[in-house]
Amino acid sequence: MNIRTSTAPSSKYRIPRPRRDTVPRPALMARTLERAADARLVLVQAPAGFGKTTLLVQLTAVLAATPGAEVVWVSLDAEDNDANRLFAALFGALAVLDLPWAVPPATVLAQLQDASPAARTALGLLIDALGGRPEVRIALVLDDLHHVTDAAALQLLDTLIARAPPELCLYIGSRVTPPLSLARWRAGGELVELGFEDLQFDLDAAQALCRQRGLQALSDEALQAALARTHGWVAGLHLMLGSARDGAGLPSQIGPAAQRHLFDYFAQEVLAGLPPQLRQFVLHSSVLPELSPALCQAVTGRGDARAVLDALFGRQLFLSALDEAVPVLRFHDLFRDFLRGELERREPGLAAQLHARAAEAETQAGHVERAVPHWLAAGRWSEALAALRQMADGLLAVGGTHRLERWLEQLPPGWREPHAEAALLRAWCAWSRWDWVRARDEFQRSHDAFARQGQERDRLVALGMLGSCHNALGDLEQAARTLAASDDAQLPPALQVPFDTLRAWNGVARGDGAAVLAGLSALVDNVALAPEARYPNVLDMSYGHFTGLPGTRPLMDRLRGLCRGDGRTSEVQVPALDAWLAFWHGEPGPAREALQALLQLQRHVPGDVMLNISALHLHSLHLAAQGHVAEALGVITQVPGIMTPGYSQGWRRTYVHAQARILWRAEDADGLAALLPELARPRSAREWPVLDTGAALVQGQYALLCCDLAAARPWLEQAAALQSHGRLPAFMGDARFALAACLAGQGEADAAARTLDEVLAEAIADQGLGLLLEPPGRLLNLWQTLGPRLRCPVAAQAQLRRRLVAWSGDAAAPADVAPSDDPLSAREREVLALLADGQSNKLIARALDLSLHTVKRHVANILTKLALDSRTQAAAYWHRR
């Protein structure tokens, strides 16, 4: 799947073209730009019609002409009112800067769904990217922020501003004061505020406006009267000067509370002055957020839409040009709201038909996401739902769960509930949150409805995911029935992939190695034919359950190649697959590098549940393989805390077994004894049969560590027998090794050699390193004791031993495997120490002989790396060390 960070129109990122009657305001501009040089935020806040956008356009024109400056613009609207959509728009605007992203932007965007600590940490990747070009001063303009009221979106924006590198300054235009940390930035001299008092026109500006509009010179008294009536309100002055009437009957004073009344009064005059056909064009096109020739033609039916738009712009109506060449125009918010009200008053109910025409045009142009608001406004629920279904995979892959749910909620409940497609989309949203219980129920509901309606293809889509929910929740009989139901169907590759994934996972749950290989083989073949089916069937896999199992290596290698082969590096799970394969089958150096890349990604995107579990799990095995037991246990015990409730119900004990494997390798009988009550108890209905093998194994291992060979042997023989048809994931262990050790200890060398030969043969055939996680002393003893009796080729054994020794040679340096707990550089620690002592940036710069700019950059890096929001939090972090 080709994942894009934004499907917003490119005109959303274009700086509006200045109007021909724009009044230069050099004094205001100079004052603002001088103060903005040291600011992190320039806030232009005033009621509608005071010229906020015009001023921002003027400012950006000066900034864009400044050497070393880059300007990016985002025109916000009501569709940007959630965290993921706001930052999708922001990422879309920043794409032109070619920032040095540590991970693909789509990976970052997928984490920005709320204001959780995990999301704020992921935001550090954006902040790092923005600071990655220190030679460039970036001006990021967010116009019309008043459209964004979502608390999470504003909290993330606040975090971005607070932690922004010194190279970045945000320029915000808003009708209302945004709920940001303005007081803090104001106190620190990092906020430039422009209100309606700054934007009000005075006599000089009014005279300039007259000249720009080519009006005959008006007396100062007449202009002063107009200024008094409008309180310098720019929109009011434009309308009064453009009106053919003298305004008789208006109140003598027009304050802010009466501005909308004044606007509507004069807008009526403007509308009445248009020719009838042009008036109809304006009214009908008011349903569009942006006026392009193609959309206006679709909505109004006029083939001369391009010429009409040119004529409208020439009339100096309340329009701004987003693209001069096409052209693409936008009504001023006040004028658009007025026109929509007039449209409903004059032609009740027509707006719905116009929205439907717009939606059809957007759909035909391939802009499905932009069609959704029009379908909803038109009351065309079926078309809206079909559009949501079409775009769901792409949205969910980049974290658009909230947006999808928000649109679903706009469908009338009474209409929405019986529809299978709505249930299917709710199921996908639940799946994306690892809420397997709700996902199962919604997939079941959609499956049954599709079956009643005879929609076979959609029924199979729901059935494949329903089976995966059953399997994840431990209902393997239902999962098996799902597989049986698909066996006779001749499915195209894209539909077959979910069933292939289910077959492989069902094999893992039952310990059926043949089923695992059959499922993975079919999965790889079908993904090669239908790469769009990778999400979620491949990208949400927990690769640690498959790597290391006999015969899986070539299949997982092929799967990795398919995920990387088309250059779509935004798929966040690919580094996890790289790292797992490198550990089980590779050399220490490349394996450490792959782990480092995975851990770096994990630190940046802690909100990705599967990635975090995979990284912690693999990290613990690396540490254990090098003999760092306490560190390994400290890492793996973090896993239960980040599992979602639906995830942990059936999977928690799997990761307790990972702890047991670490303790077994360290021959820590007491530690293993502490886990036995949980690992040895009968499994619940929601746990996999393979845990029976694990329970027998850990009890035999514990008895073996206690030197009770008589007690150990029956447990280990039971585990080995179960393993023959209930194979454990490789990270949980191999009962045959412990059984060989037990048999050797009881003097049955031939039986021990036969058992160990099986383990060695598999390791040599797969070039696997599962023996890294067996007790090294026992492994060495077995090799020395049983060597003459082993039937594996001596050369192959020697090569395997060299590879194992290469790993054990790194045992003295755990820091080489895992990054230090302190992510700061030496210089950053020096800066933090002085900051924690209460020193200002200027004092720190003096003490360390650095420039003020460099100190600001270090402070920004410190906050980003530690996922902190303020200097106070950074000081507290330092003092807790």
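Here, every reference points to the structure presented above.
Model, not experiment: these values are computed from the prediction.

Peer 1: Just give me the short version of the overall build of the protein chain, but keep the residues and values in it.
Peer 2: Across its full length, the protein chain holds 47 helices and 7 strands. Burial status across the protein chain gives 57% buried among its 881 residues. Sequence-distant contacts in the protein chain: of pairs separated by 6 or more residues, those separated by 24 or more amount to 71%.

Peer 1: A description of the side chain of E342 should follow, citing residues and the corresponding values.
Peer 2: The residue E342 is located in helix 16 (residues 333-346) in this model. Owing to a relative accessible area of 6%, E342 belongs among the buried residues under this scheme. Those residues in contact with E342 that lie beyond four places of it in its chain are Q268, L271 and L283.

Peer 1: Pulling in residues and values, what's your account of the pattern of salt bridges?
Peer 2: Going through the model one piece at a time under the given rule, you end up with 47 salt bridges. For R727, the salt bridge goes to D734, with nearest N and O atoms at 3.8 Å. Residue R727 shares its accessibility class with D734, and that shared class is buried. Across the pair R736 and D734 runs a salt bridge whose closest N-O atoms are separated by 2.9 Å. Neither residue differs from the other here; R736 and D734 are each classed as buried.

Peer 1: Break down the packing of aromatic side chains for me, citing the residues and quoting the values.
Peer 2: Taken as a whole, this structure holds 10 aromatic pairs when the rule is applied. Ring centres of F91 and W101 lie 5.2 Å apart, and the angle between their planes is 50°; this geometry places the pair in the tilted category. On the criterion of sequence distance, the pair formed by F91 in helix 3 (residues 83-94) and W101 in the loop between helix 3 and helix 4 (105-111) is long-range, its members being 10 residues apart. Measuring from centroid to centroid gives 5.6 Å for W428 and F443, while their planes differ by 90°, and the two rings are edge-to-face. Placement of W428 in helix 22 (residues 420-432) and of F443 in helix 23 (residues 436-453) is noted, with a sequence separation of 15 residues between them. F443 matches W428 in its accessibility class, with the two residues each being buried. One Lys or Arg, R406, reaches over the ring of W407 and ends 5.9 Å from the middle of that ring.

Peer 1: Tell me about helix 1 (residues 26-36), and please be specific about residues and values.
Peer 2: Those residues of helix 1 that fall on the buried side of the exposure criterion are L28, M29, T32, L33 and A36. For helix 1, the arc enclosing every buried residue in end-on projection is 120°, short of the 170-degree limit, so these residues lie on one face. Exposed positions of helix 1 whose direction lies more than 90 degrees from the buried face are P26, A27 and E34. In the core, the buried residues of helix 1 are packed alongside strand 1 (41-45), helix 2 (52-64), strand 3 (137-143), strand 4 (168-174), strand 5 (191-194) and helix 8 (196-199).

Peer 1: Now, about the environment of R279: what can you tell me, with residues and values included?
Peer 2: The topology assignment puts R279 in helix 13 (residues 276-285). The sequence separation of R279 and L339 amounts to 60 residues, and the corresponding C-alpha distance is 10.0 Å. A polar contact is formed between the side chain of R279 and the backbone oxygen of L271, at a distance of 3.2 Å.

Thresholds applied
- Residues numbered from 1 in each chain as written.
- Predicted model: local features only at pLDDT ≥ 70, side-chain atom pairs only at ≥ 80, totals over all residues.
- Heavy atoms only, no water.
- Helix = DSSP H or I, 4+ residues; strand = E, 2+ residues; numbered from the N terminus.
- Buried < 20%, exposed > 50% of the residue type's maximum accessible area, 1.4 Å probe, protein only.
- Contact = heavy atoms within 4.5 Å.
- Salt bridge = Lys/Arg side-chain N within 4 Å of Asp/Glu carboxyl O.
- Phe/Tyr/Trp six-rings, centres within 6.5 Å; stacked < 30°, edge-to-face > 60°.
- Lys NZ or Arg CZ within 6 Å of the ring centre and 35° of its normal.
- Arc of directions from axis to C-beta.
- Polar contact = N/O pair within 3.5 Å; in protein donor to acceptor, adjacent residues only side chain to side chain.

Purely geometric numbers; function is a separate question.
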